[in-house]
Amino acid sequence: MNVMREKLTEAIEAKNNDIKSFVWKLARKADGTQEEIRLVDATPEQLKTFYSHCESMLHSTDKINPGRYVLLQIIDEQRRKCNVELFLRKLEQGTICADNKPYPRHLYIQDLRAYMNAHKKDFPSNELENISIASCTGGLPREFERISIEEVLDGGLDQLGWFDNKHITFSFILNMGVYLTPAEMKEFDEKDKDGNTRSKLEVIKERLNIKNTVRLTVKPAGLSFNELRAMVNLKPKKYSELTTDQLTVLRNKVLFKLENEVMFHIEQWEERMRQLRMVAESKGITLE
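Quick notes on the rules
- Residues numbered from 1 in each chain as written.
- Predicted model: local features only at pLDDT ≥ 70, side-chain atom pairs only at ≥ 80, totals over all residues.
- Heavy atoms only, no water.
- Salt bridge = Lys/Arg side-chain N within 4 Å of Asp/Glu carboxyl O.
- Helix = DSSP H or I, 4+ residues; strand = E, 2+ residues; numbered from the N terminus.
- Buried < 20%, exposed > 50% of the residue type's maximum accessible area, 1.4 Å probe, protein only.
- Axes fitted to C-alpha atoms, helices over the stretch in contact; angles between N-to-C directions.
- Parallel < 35°, antiparallel > 145°, perpendicular 65-115°, else oblique.
- Left-handed = near helix turned anticlockwise from the far one by under 90°.
- Contact = heavy atoms within 4.5 Å.
- Nonpolar A, V, L, I, M, F, W, Y, C, P; charged D, E, K, R; others polar.

So, the pattern of salt bridges
Alright, step 1. In this structure the tally under the stated criterion is 19 salt bridges.
Alright, step 2. In this structure, E77 engages K81 in a salt bridge whose closest nitrogen and oxygen atoms are separated by 3.0 Å. On the criterion of helical spacing, the pair formed by E77 and K81 is a turn pair, its members being four residues apart in helix α3 (residues 68–93).
Alright, step 3. Using a relative accessible area of 43% as the deciding quantity, one classes E77 as partly exposed.
Alright, step 4. A salt bridge links E190 to R198, with the nearest nitrogen and oxygen atoms 3.2 Å apart.
Alright, step 5. The partly exposed category is assigned to E190, whose relative accessible area is 23%.
Alright, step 6. Through salt bridges with shared partners, a single network forms among E187, E190, R198, E202, E206 and R207.

Right, here's the structure in full:
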């Protein structure tokens, strides 16, 4: 068995390093067709163009179409900002306060500033982005311990900015699938006019005004109905204007799912660059 596994591994490795098998798909034509070219048949100029395209797809700082590595940074920032807003809402509800009393954010920011002014040596203004809010407020749940003081100040002053949802498309949300909670299973147990049990997916789409022709599937790791509803209604808004459900689902599930997808794309583009370097090296071509 080990010998067979080793031979299979060797075969896969050989294929992954066979430069004659490397291809590049050219731009799609107006009629929808898409031709491809073997990299060994590409001109030096084409190889350089392909390589430059890969670099752009990974590292571009364009605000409309950022590179995948840049998008990872954006996703991380979005997740952190969702967490900051959730932290401030927990304070306002009093659920994370020692006395269980609501702590209005304006009062918390006022008290936070007063505390830092009284201990200026420990809180230099140019280091607040690196100092945890836990250094000022003890007993916080672990989910909030890594929030920086600077982030809390921005959130308290409603300066977290806008949440941009352009990378979280409708199809991306639906592809996550749905998985109803036990309570939701009972809630969506409906019958039609003839007394037959209706499809729960049909009922879900009806309640969310999703066309019946749109594909929605059940997945064990999918969103609950409430989570799906929160995401279907997601629009570009200030973080302070997003619902608590939206903030929570974004932080706990959707942004991680998007991150996984982006990392998969990164692996693909990095592999293309590896192939291009191998072909260029075999021809004595410098790509950069």
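Structure shown, so let's carry the discussion forward.
Some words on the packing of helix α2 (residues 44–59) against helix α10 (residues 244–283)
Alright, step 1. Interaxial distance between α2 and α10 falls to 10 Å at its minimum, and their mutual angle equals 155°. Here α2 lies roughly antiparallel to α10, going by the angle between them. Judged by the sense of rotation from one axis to the other, the crossing of α2 with α10 is left-handed. On the side of α2, the interface is formed by L47, F50, Y51, H53, C54, E55, M57 and L58, while α10 contributes I266, W269, E270, R272, M273, L276, R277 and V279.
Alright, step 2. By residue class, the composition of the contact of α2 with α10 is eleven nonpolar, one polar and four charged.

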